[in-house]
Amino acid sequence: MFGIGTKNIGIDLGTANTLVYIDGKGIVLREPSVVAKNVKTGDVLAVGTEARDMIGRTPESIVAIRPMKDGVIADYDTTAAMMKYFIEKVIGNSKPLVMVCVPSGVTEVEKRAVIDATKMAGAKEAYVIEEPFAAAIGAGLPVMDPTGSMVVDIGGGTTDVATISLGGIVSSRSIRMAGDRLDEAIINYIRQNFNLLVGERTAEQIKINIGSASIEKAADIENMTIRGRDLLSGLPKTIDIEATDIAKAIHEIVEEINAAIKETLEETSPEIAADIIDHGIVLTGGGALLKHISEVISDSTGVPVFIAQDPLDCVAIGTGESLKNIDVMRRH
């Protein structure tokens, strides 16, 4: 537990993970956005890492759920309970001022749901900031300058693409093609091609270990041994899988992300486009760690692509840093 005197916190409320940033302390909490509940009573039994470890391993009376889907709140009460748990874990019972990030494509109703859930979780005041803008701040881009920057935040639920200049988003896209869809594609491909059923956790490990955005370059990655349930016999089974198979499995989603980047670039003014060619595109979020993703995007757009330092933390850092300009946020 951290100092009770702390009042301002930034929350990266992600589909896969939630990060909490405290003004003056940096990121103090990083846990999966998962809640375990008792189906019969509705009681929350575990939140975060403890709840994630229960996924796929619970008796019928307990369900481990992710209350965020595709970057927005799918289960309002559970999201509020999860945020309350995280806020109390870092600052006790004091009423903080909270900044929460949301995907760039969310509706006013979805923004209001986030603000209301944050207040229900114990915030004195709650504000939202758009994810790509927070990511750009966290990546150290000159967002307030009269120069164009481009950021691509590949998260768990959404990929947010934006060009930014003079403290605002000039053009943006938010697509529901990101980490979760990559995992789903891997599960489906293995089921269809190997008659093997693997769970979400296994799919994520496969993506992290041997996932590649490039089918050609995947040939250089070593195979991986995976375990699952044989769909024909119903028994546990172990197989070796090649990285090229995984690259084929996720190819379509990588192409969708590429298309969103191109569409956003096509909407930008010639001046901002020229700045982006000079400075490059910056990748943030967990998806930035997918092998060969920067080369694939660069080849497709003809623009240099860089992976931000600490891509997983950029949105949380930017959300927290934006608290310094809270007076500006209050006016919006």
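Residues numbered from 1 in each chain as written. Predicted model: local features only at pLDDT ≥ 70, side-chain atom pairs only at ≥ 80, totals over all residues. Heavy atoms only, no water.

Counted by the stated rule, this structure contains 17 salt bridges. In this structure, Glu 263 and Arg 173 form a salt bridge, with 2.8 Å as the shortest nitrogen-oxygen distance. A residue pair is termed long-range when its members are at least 10 positions apart, and Glu 263 in helix H7 (residues 243-267) and Arg 173 in strand S13 (residues 168-175) qualify at 90 residues. Linked by salt bridges that have partners in common, Arg 52, Asp 53 and Arg 201 make up one network. (Salt bridge = Lys/Arg side-chain N within 4 Å of Asp/Glu carboxyl O. Helix = DSSP H or I, 4+ residues; strand = E, 2+ residues; numbered from the N terminus.)

A few words now on the domain arrangement of the chain. Each assigned domain of the chain is listed here: domain 1 (9-31 + 75-133 + 315-330), domain 2 (142-177 + 254-310) and domain 3 (179-249). Domain 1 and domain 3 are separated by 34 Å when their C-alpha centres are compared. (Domains from an automatic or database assignment.)

Looking at where Thr 158 falls in the secondary structure, it is placed in the loop between strand S11 (149-154) and strand S12 (159-165). Classification of Thr 158 as buried rests on a relative accessible area of 4%. Only 2.9 Å separates the side chain of Thr 158 from the side chain of Asp 160, close enough to count as a polar contact. Among all residues touching Thr 158, those that are not within four sequence positions of it are Asp 70, Gly 71, Pro 103, Glu 131, Asp 153, Ser 174, Ile 175, Arg 176 and Ala 178. (Buried < 20%, exposed > 50% of the residue type's maximum accessible area, 1.4 Å probe, protein only. Polar contact = N/O pair within 3.5 Å; in protein donor to acceptor, adjacent residues only side chain to side chain. Contact = heavy atoms within 4.5 Å.)

What follows covers unusual backbone geometry. In the Ramachandran plot, Asp 70 falls in the positive-phi region, its phi being about 50° despite a non-glycine side chain. Considering the arrangement of structural elements, one finds Asp 70 in the loop between strand S7 (68-69) and strand S8 (72-73). Unusually for a residue other than glycine, Asn 195 sits at a positive phi of about 50°. On the basis of relative accessibility, which here comes to 33%, the residue Asn 195 falls in the partly exposed class.

Reading across the sheet, the 5 strands line up as S13-S12-S11-S17-S18 and stay open at both edges, with mixed pairing between neighbours. Of all the strands in the sheet, just S13 and strand S18 (305-307) have a single pairing partner and so form its edges. Strand-to-strand twist across the sheet, computed as the mean angle between neighbouring axes with direction ignored, equals 20°. As judged from the 3 bridges shared by strand S17 (residues 281-284) and S18, these two strands associate in the parallel manner. Following the sheet pairing, Leu 283 is matched in S18 by Ile 307. The strands that H7 touches are S11, S12, S13 and S17; relative to S13, the one it contacts most, it runs at about 155°. Relative to S12, helix H8 (residues 270-279) is tilted by about 110°, and along the sheet it contacts S11, S12, S13, S17 and S18. (Pairing = 2+ DSSP bridges. Axes fitted to C-alpha atoms, helices over the stretch in contact; angles between N-to-C directions.)

A word on the pairing of strand S4 (residues 35-38). Here S4 shows no split at all, with Val 35 and Lys 37 on one side and Ala 36 and Asn 38 on the other all buried. With antiparallel pairing between neighbouring strands as the criterion, S4 and strand S5 (residues 44-47) make up a hairpin whose turn holds 5 residues, including Gly 42 at a positive phi of roughly 80°.

This part takes up the packing of helix H2 (residues 76-91) against helix H3 (residues 108-120). Closest axis-to-axis distance for the H2/H3 pair is 8 Å, and the angle between their directions is 50°. Taken as axis vectors, H2 and H3 run oblique relative to one another. The handedness of the crossing between H2 and H3 comes out as right-handed. Note on element contacts: H3 touches H2 through Ala 113, Asp 116, Ala 117, Thr 118 and Met 120, opposite Tyr 76, Asp 77, Ala 80 and Met 83. (Parallel < 35°, antiparallel > 145°, perpendicular 65-115°, else oblique. Left-handed = near helix turned anticlockwise from the far one by under 90°.)

Let us look at the nonpolar core. Formed by 45 residues in total, the largest nonpolar core has its most connected members in Ile 190, Ile 226, Ile 261 and Ile 281. Counting the residues that make up this core, at least three belong to each of domain 2 (142-177 + 254-310) and domain 3 (179-249). Once residues within four sequence positions are removed from consideration, Ile 281 is found in contact with Met 150, Val 152, Ile 261, Leu 265, Ile 276, Ile 297, Thr 301, Val 303, Pro 304, Val 305 and Phe 306. (Core = buried A, V, L, I, M, F, W, Y, C linked by side-chain atoms within 4.5 Å.)

Moving on: empty space enclosed by the protein. To find leftover empty space, a probe the size of one water molecule is rolled over the atoms. Applying the stated criterion across every chain yields a total of 1 cavity of 30 Å³ or more. Reported here for the largest cavity is a volume of approximately 30 Å³. Along its surface, the largest cavity is lined by Leu 141, Ser 149, Met 150, His 279, Gly 280 and Val 282. Tallied by class, residues from the lining of the largest cavity come to 3 nonpolar, 3 polar and no charged. (1 Å grid on protein atoms, 1.4 Å probe; cavity = no way out; pocket = protein on both sides within 12 Å on 5 of 7 lines; lining within 4 Å. Points joined across faces, edges and corners; volume = space filled by probe spheres on them. Nonpolar A, V, L, I, M, F, W, Y, C, P; charged D, E, K, R; others polar.)

We now examine the packing of aromatic side chains. All told, the structure shown has 1 aromatic pair when counted by the stated rule. On the basis of an interplanar angle of 65° and a centroid distance of 5.6 Å, the ring pair of Tyr 85 and Phe 86 is categorised as edge-to-face. Overall, Tyr 85 belongs to the partly exposed group, its relative accessible area being 32%. (Phe/Tyr/Trp six-rings, centres within 6.5 Å; stacked < 30°, edge-to-face > 60°.)

Here we come to the sheet that holds strand S2 (residues 17-22). Taking strand neighbours across the sheet as the criterion, the 5 strands line up as S3-S2-S1-S9-S10 in an open arrangement whose pairing is mixed. In this open sheet, the two strands that pair with only one neighbour each are strand S3 (26-32) and strand S10 (125-130). For this sheet, the mean inter-axis angle between neighbouring strands, taken without regard to orientation, is 20°. Here 4 bridges tie strand S1 (residues 8-13) to strand S9 (residues 97-102), and the two strands are oriented parallel to one another. For Asn 8, the partnering residue across the bridge sits in S9 and is Leu 97. Helix-sheet contacts for H3 involve S9 and S10, and the interaxial angle to S10 is about 145°.

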